[in-house]
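The lines below spell out each chain.
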Amino acid sequence: MQMSSVNDVKIYNLSHGKSLPEWLSDRKKRQLQKKDADIQRRIELIQDFEMPTVCHSIKVSRDGQFILAAGTYKPRIRCYDTYQLSLKFERCLDSDVVAFDILSDDYSKLVFLHCDRYVEFHSQHGHYYKTRIPKFGRDFSYHYPSCDLFFVGTSSEVFRLNLEQGRFLNSLQTDAVENNVCDINPVHHLFATGTSEGKVECWDPRVRNRVGMLDCALSSLTEGTEVQALPSVSALKFNGSLTMAVGTSTGQVLLYDLRSSRPLLVKDHFYNLPIKSLSFQDQLDLVVSSDAKIIKIWNKDNGKVFSSIQPQTNINDVCIYPHSGMLFTANEDPKMNTFYIPALGPAPRWCSFLDNLTEELEESPESTVYDDYKFVTRKDLENLGLSHLVGSSLLRAYMHGYFMDIRLYHKVKSMANPFAYEEYRKDKIRQKIEESRTQRVQVKKLPKVNKDLALKLMEEGDDEAELASRKKKGKALPSLLGDDRFKVMFENPEYQVDEHSEEFRLLNPIVSKVGLKRKKKLRLLAQQTAASEQTAEEEEEPEGRASSEEESSDDDKSWVEEVREQRKMLWQEGRDRRRQDRKEADRNTVLLEREQNGGDKTAKMAESKKSSQPQFYQIKAGEEFRSFNDMARKQKLQKASLEDRLKLEENSGTSNVADTAVGSKQLTFTLKKEEVDF
């Protein structure tokens, strides 16, 4: 429950607070009610007093026991029993309800006007009959003496349906193009309809003749009223035998005496929104008018505002419970609001406990902190010299201090401290000094990860900031160190740059040269800006000095050479690594063969066989074929002559195996001396 006060009139919103979902179990609901303070303070006056999406209109039966509401989605009508404080029944309909009325004292006879021109009748058990009117309807009224239903809508005719005979009667022909609303006087049964041209036509149902016409559009235009179109009649309500209230589409309410063509009073809502509902409160002579934003309660004699209610959602309809201070609203929201205003009247009989509840709230009001009060402690009072006011009406004790009027505080402050301007001036000077201190050289903390990269970015940022400071409109770009997107790169060890990797060594010459070129360019631009500030004349480039293009070409050649050297070094390191791997593989192969032979005896036999005949090895896939002899011996044989090599092979008893790209070939031949005659 929420309490508000407008114009010293207390208004209690009984629907305020959290609503529990329907799918929660009873046990879960009880647990939430024990824990959540907002749910504990919530008052559920009527159980399930809401619609799935939106509520269009709401009415109370004449006996006061039933509350009926029409809403969507899906289109439905809900009936609530106030004696049981719960939902009595719910009926779904084929289309949205434009307007409905209760013909009996209870819910046993209902009439619904749908948006598709159908008129549906319901009895106590449910759907009873359904018919259709010629034009789209907007409103209807029931004439009790003749049992006639008067329908108005997008036509100049007012259609009459007699419920006693069960047939349509001759319609009433009006001068309007369209009719928006209608109502019947409860005393003398005068029928009135409001038109889209801003006029009200009154008819006598006994003779079916028009007895009068009021031009409300011109009467609603008062001094200072700004309208963009012709006001049309959007609401109409009779009170007694002579009073009639007319609401316009521009937000004005006109009170008429049927004996006069001029309005007694014109009340403006100042929202420029159509008036949606009008009702009267006879005990206090009040009028309750509402548009989509606000509900205004004002005196019908002088127009003085009694109070106002402004819900959080748009309003569709307002209904006052008879002879009480309770009213219901249909909103553009699932929850239907319930407001209780004790100043309008007592609570209804079925919720009389509200009077006791509101009285308890008035006896124990909550302390409120106001903007026009200043909170001061006891020490502040001693500094101001107001300690003698403790216990008086000028100070109100609150927590560890006191509340005092803000005007008194400012007056005493100016008298107690006449040098407040000097303190203000000193504070400003202190702020300027602190701002200048921030521009001094500060110790830069390097991150734990990628320290070299962070240091490099800091140096580049300083150079760019220095260049931007020399330019008038230049602005330095934000650094990666201050960007949250790259924060992980300097915190997570997984992002550490490996300087020994192949990719880094190949890219480092390029990156370093680009950085050097960037520094040179920044330095050159800084020199140019400094020179332009000193002299406005252009100086020619001295002879013998290389231009920037020549320097850039030299830089390009230098980093290309460095990349080539890095590639050569990487190739050599890879070749040495592969050789080492092959040696280890051969060593492992020899050890495995020795283990398989087993025993010293077999090992000696294998050595003798090895010395007498060549050994055969299995070459693995993906490895290069190479010589089985030592590299030094092979190079020595290559330098010797063919004769020496053959003699060496004959003495050792081995044959020379030549390794070529084509394959291995064995050559065997002997030298013979032949006698040659000269």
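Refer to the structure above for everything that follows.
Each value, and the rule that gives it
Residues numbered from 1 in each chain as written. Predicted model: local features only at pLDDT ≥ 70, side-chain atom pairs only at ≥ 80, totals over all residues. Heavy atoms only, no water. Pairing = 2+ DSSP bridges. Helix = DSSP H or I, 4+ residues; strand = E, 2+ residues; numbered from the N terminus. Axes fitted to C-alpha atoms, helices over the stretch in contact; angles between N-to-C directions. Phe/Tyr/Trp six-rings, centres within 6.5 Å; stacked < 30°, edge-to-face > 60°. Buried < 20%, exposed > 50% of the residue type's maximum accessible area, 1.4 Å probe, protein only.

Chemist: Account for the sheet that holds strand 5 (residues 76-81), with residues named and values stated.
Modeler: As summarised here, the arrangement of the four strands in space is 3-4-5-6, forming an open sheet in which the pairing is antiparallel. The sheet is open, and its two edges are formed by strand 3 (54-60) and strand 6 (86-92), each paired on a single side. Here the average twist between neighbouring strands, direction ignored, is 20°.

Chemist: Outline the packing of aromatic side chains, listing residues and values.
Modeler: According to the stated counting rule, one finds eleven aromatic pairs in the structure shown. With centroids separated by 5.8 Å and ring planes inclined at 70°, the aromatic side chains of Tyr321 and Trp350 adopt a geometry described as edge-to-face. Linking Tyr321 in the loop between strand 27 (315-320) and strand 28 (326-331) with Trp350 in the loop between strand 29 (337-340) and helix 4 (353-363), this pair joins segments that are 29 residues apart in sequence. Residue Tyr321 is classed as buried on the basis of its relative accessible area, which comes to 8%. Judged by centre distance (5.6 Å) and plane angle (70°), the rings of Phe375 and Phe403 are edge-to-face. Here Phe375, found in strand 30 (residues 373-377), pairs with Phe403, found in strand 32 (residues 401-405); they are 28 residues apart in sequence, far enough to count as distant. Using a relative accessible area of 28% as the deciding quantity, one classes Phe375 as partly exposed.

Chemist: Describe unusual backbone geometry, naming the residues involved and giving the relevant values.
Modeler: Tyr73 follows Thr72 through a cis peptide bond whose omega is -5°. Cis geometry is found at the peptide bond from Tyr73 to Lys74, where omega equals 15°. Summarising the element assignment, Lys74 is placed in the loop between strand 4 (66-72) and strand 5. Phi angles above zero are rare outside glycine, and Asp48 is one such case at about 55°. Locating Asp48 in the fold gives a position in the loop between helix 2 (37-41) and strand 3. With phi around 60°, His189 is a residue other than glycine that occupies positive phi space. The topology assignment puts His189 in the loop between strand 15 (179-184) and strand 16 (191-195).

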